[in-house]
Amino acid sequence: MLILVLNTLSILVIVWGVLLAMIDFTKTIIFPYSRNDTVYRNNVIKNQLGSYILFGLEILIAADIIESILNPTLDDMIMLASIVVIRTVISYFLTKEIESNEKNA
């Protein structure tokens, strides 16, 4: 039950971030801004969306770890290790992109 709640929460976090990003992006399209302002706003939107995705991924990793602790089999541990590695790599590069965008802004 806890795993289902965490998985659902992670999906909600990511979907919420996407909705907020779409709203902000739509505002950027509708209201005319200078080119520099548009680029700045789009970078802010990307950073915010990236933060929501990172948070959602962290919740998914926690859910996978808890599930493996509750139901430890060798196959589950191998699957968990590969999922954690993939999600950690994604999180690392997404964090680097966010930091790069913040420095350029």
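The model shown is predicted, which means the values in this text are computed figures rather than measured ones. Residues take numbers from 1 onward in each chain, read along the sequence in its written order. The predicted origin of the model limits local features to residues at a pLDDT of at least 70 and limits the giving and counting of side-chain atom pairs to 80 or more, whereas totals for whole chains, interfaces and linings rest on all residues. Only hydrogens and water are set aside when side-chain values are computed; all heavy atoms of the structure are taken into account.

(A) How the structure looks around a nonpolar patch on the surface. Excluding any residue in a salt bridge, patches collect residues exceeding 30% relative accessible area, merging like charges within 9 Å and nonpolar Val, Leu, Ile, Met, Phe, Trp and Tyr side chains within 5 Å. To be clear on the numbers: accessible area is Shrake-Rupley with a 1.4 Å probe, and residue cover counts the displayed protein chains and nothing else. In what follows, salt bridge is the name for a side-chain nitrogen of Lys or Arg lying within 4 Å of a carboxyl oxygen of Asp or Glu. Together, Ile-11, Val-15, Trp-16 and Leu-19 make up an exposed nonpolar region whose accessible area comes to about 410 Å². Structurally, the position occupied by Leu-19 is in helix H1 (residues 2-30). Put simply, DSSP H or I for four residues or longer makes a helix, DSSP E for two residues or longer makes a strand, and each gets a number counted from the N terminus.

(B) Seen up close, the nonpolar core. In plain words, nonpolar cores are sets of buried Ala, Val, Leu, Ile, Met, Phe, Trp, Tyr and Cys residues tied together by side-chain atoms within 4.5 Å. Exposure categories follow from relative accessible area, calculated using a 1.4 Å probe and restricted to protein chains: below 20% of the type maximum is buried, above 50% is exposed, and the middle band is partly exposed. Counting 5 residues, the largest nonpolar core is built from Ile-3, Leu-6, Val-13, Ile-59 and Ala-63. When residues of this core are traced back to their parent elements, those giving at least two are H1 and helix H2 (35-70). Here, two residues are considered to be in contact whenever any of their heavy atoms come within 4.5 Å of each other. Residues within four places of Leu-6 in sequence aside, it is in contact with Ile-59, Ala-63 and Ile-66.

(C) Broad picture of the environment of Lys-46. Checked against the element boundaries, Lys-46 lands in helix H2. Lys-46 sits 25 residues away from Ala-21 along the chain, and the two C-alpha atoms are 7.6 Å apart. Other than its neighbours up to four places away in sequence, Lys-46 contacts Glu-97 and Asn-101.

(D) Region of interest: the UniProt feature "transmembrane region" (unreviewed entry) in the chain. When the UniProt feature table is mapped onto this chain numbering, "transmembrane region" (unreviewed entry) sits at residues 6-31, 52-71 and 77-95. The span residues 6-31 is 96% helical and 0% strand by assignment, and the distance between its end C-alpha atoms comes to 37 Å. The annotated region residues 52-71 carries 95% helix and 0% strand content, and the separation between its end C-alpha atoms amounts to 29 Å. UniProt positions are given in the numbering used here, feature names are shortened, and annotations may be inferred rather than shown by experiment.

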